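Close look at the chain arrangement
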Amino acid sequence: MSKTADTSVEIHPLLANRWSPRAFSDQPVPAETVTALLEAARWSPSGLNGQPWRFIVSRRGESALFAQMVDCLMEGNQIWAKNAAVLMFAVAETTRPNGKPNGSARHDVGQAVANLTVQAGEMGLYVHQMGGIYRDKIKTVYDIPEGYEVAIGIAVGYLGDAAALPDDLAERETAPRERKPLNEIAFTEKWGNPL
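Scope of this entry: the structure provided in the associated data block.

**Here we look at the side chain of Asn 102**
You can see Asn 102 is positioned in the loop between strand 2 (86-93) and helix 5 (105-122). Relative accessible area serves as the criterion here: at 5%, Asn 102 is assigned to the buried category. Those residues within four positions of Asn 102 in sequence are excluded, and the remaining contacts are Pro 52, Glu 93, Thr 94, Thr 95 and Arg 96.

**Re the environment of Ile 152**
Tracing the sequence through the fold places Ile 152 in strand 4 (residues 148-157). For Ile 152, a relative accessible area of 17% gives the class buried. When the C-alpha positions of Ile 152 and Val 91 are compared, they lie 7.3 Å apart, and in sequence the two are 61 residues distant.

**Describing the side chain of Ser 58**
One can find Ser 58 in strand 1 (residues 53-59). Polar side-chain contacts of Ser 58 include one of 3.2 Å to the side chain of Glu 62. The residues touching Ser 58, leaving out its near neighbours within four places in the chain, are Leu 65, Phe 66, Met 69, Ala 85, Val 86 and Leu 87.

**Topic: the packing of aromatic side chains**
For the structure on display, the rule yields four aromatic pairs. Both rings, one in Trp 19 and one in Tyr 126, keep their centres 6.0 Å apart while their planes meet at 65 degrees; by these two values the pair is edge-to-face. Of the two residues, Trp 19 sits in the loop between helix 1 (13-16) and helix 2 (31-42) while Tyr 126 sits in strand 3 (residues 126-130), which places them 107 residues apart along the sequence.

**Quick notes on the environment of Thr 7**
Here Thr 7 lies in the segment before helix 1. C-alpha of Thr 7 to C-alpha of Ile 152: the two residues are 145 residues apart in sequence and 27 Å apart in space. Polar contacts involving the side chain of Thr 7 include one to the main-chain carbonyl oxygen of Val 9, which spans 2.6 Å.

**Some words on the sheet that holds strand 1**
What the four strands build is an open sheet, ordered 1-2-4-3; its pairing is antiparallel. Unpaired on one side and paired on the other, strand 1 and strand 3 mark the two borders of the sheet. The mean inter-strand angle of the sheet, taken between neighbouring strand axes irrespective of direction, is 25 degrees. With five bridges joining them, strand 3 and strand 4 adopt antiparallel strand pairing. Counterpart to Val 127 in the pairing with strand 4 is Val 156. In the packing of helix 2 onto the sheet, the strands contacted are strand 1, strand 2 and strand 4, and the crossing angle to strand 1 comes to about 165 degrees.

**Some words on a nonpolar patch on the surface**
On the surface, Val 9, Ile 11, Leu 15 and Val 118 cluster together into a nonpolar patch covering about 320 Å² of accessible area. Note that Leu 15 resides in helix 1.

**Topic: the environment of Gly 50**
Among the secondary structure elements, Gly 50 is positioned in the loop between helix 2 and strand 1. Note on Gly 50: relative accessible area 33%, which makes it partly exposed. C-alpha of Gly 50 to C-alpha of Trp 80: the two residues are 30 residues apart in sequence and 34 Å apart in space.

**Observations concerning the pattern of salt bridges**
Inspection of the entire model under this criterion finds four salt bridges. Here Glu 39 and Arg 42 are joined by a salt bridge, their closest N and O atoms 2.7 Å apart. Remark: Arg 42 and Glu 39 occur in helix 2; sequence separation between them is three residues, near one turn of the helix. Its salt-bridge partner being Glu 93, residue Arg 54 comes within 3.1 Å of it at the nearest N-O pair. Residue Arg 54 is found in strand 1, and its partner Glu 93 is found in strand 2; the two are separated by 39 residues along the sequence.

**Some points on helix 7 (residues 167-174)**
For helix 7, the full list of buried residues reads Leu 169, Ala 170 and Glu 173. End-on, the buried residues of helix 7 take up no more than an arc of 100 degrees, which puts them together on one face. Across helix 7 from its buried face, at more than 90 degrees, point the exposed residues Asp 167, Asp 168 and Glu 171. Residues of helix 7 that are buried in the fold lie against helix 4 (75-81).

What counts and how
Residues numbered from 1 in each chain as written. Predicted model: local features only at pLDDT ≥ 70, side-chain atom pairs only at ≥ 80, totals over all residues. Heavy atoms only, no water. Helix = DSSP H or I, 4+ residues; strand = E, 2+ residues; numbered from the N terminus. Buried < 20%, exposed > 50% of the residue type's maximum accessible area, 1.4 Å probe, protein only. Contact = heavy atoms within 4.5 Å. Polar contact = N/O pair within 3.5 Å; in protein donor to acceptor, adjacent residues only side chain to side chain. Phe/Tyr/Trp six-rings, centres within 6.5 Å; stacked < 30°, edge-to-face > 60°. Pairing = 2+ DSSP bridges. Axes fitted to C-alpha atoms, helices over the stretch in contact; angles between N-to-C directions. Patch = residues over 30% accessible without salt bridge, like charges linked within 9 Å, V, L, I, M, F, W, Y side chains within 5 Å. Areas by Shrake-Rupley, 256 points an atom, 1.4 Å probe, with all protein chains shown as cover. Salt bridge = Lys/Arg side-chain N within 4 Å of Asp/Glu carboxyl O. Arc of directions from axis to C-beta.

What follows is the structure in structure tokens.
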């Protein structure tokens, strides 16, 4: 299924073809491929080169670990994410080594996840990021220390059949992609003045 973005100007195909499916195939993702995704994240830029990203990772074949991760997702995400080949939680180190707050930590983690996502696209994989996760539960289950914040859940895998999803999700899966126009998100001179 192609869901190439309808852009106002041409952008790189890896970006134009990126979207967040809920239908994943049962094809496993090899360990070395997961390592390549994390390597792409590792080389992301960060404020003061602080590299505040951390990832908790499980592949579907690791049944107890994987089931534990699924249990940390909100129920609406559990329905489909349990079929992904890989689940991850991205965590932000929000306190710098000197004890001061790291104001760019969440941004930097977002960049790391973006790098991971582009690398996944290059390797024929799809990524779906999830805000619907139980952050406090994740902190407890994985013994995440103070100074760290759970940022996002991530499902990774090969594209599956939308018909395998419940009807409401299948409809969302096949709907056209939409984005706000540029004049609503890019300004000049003052807020709200389109670029």
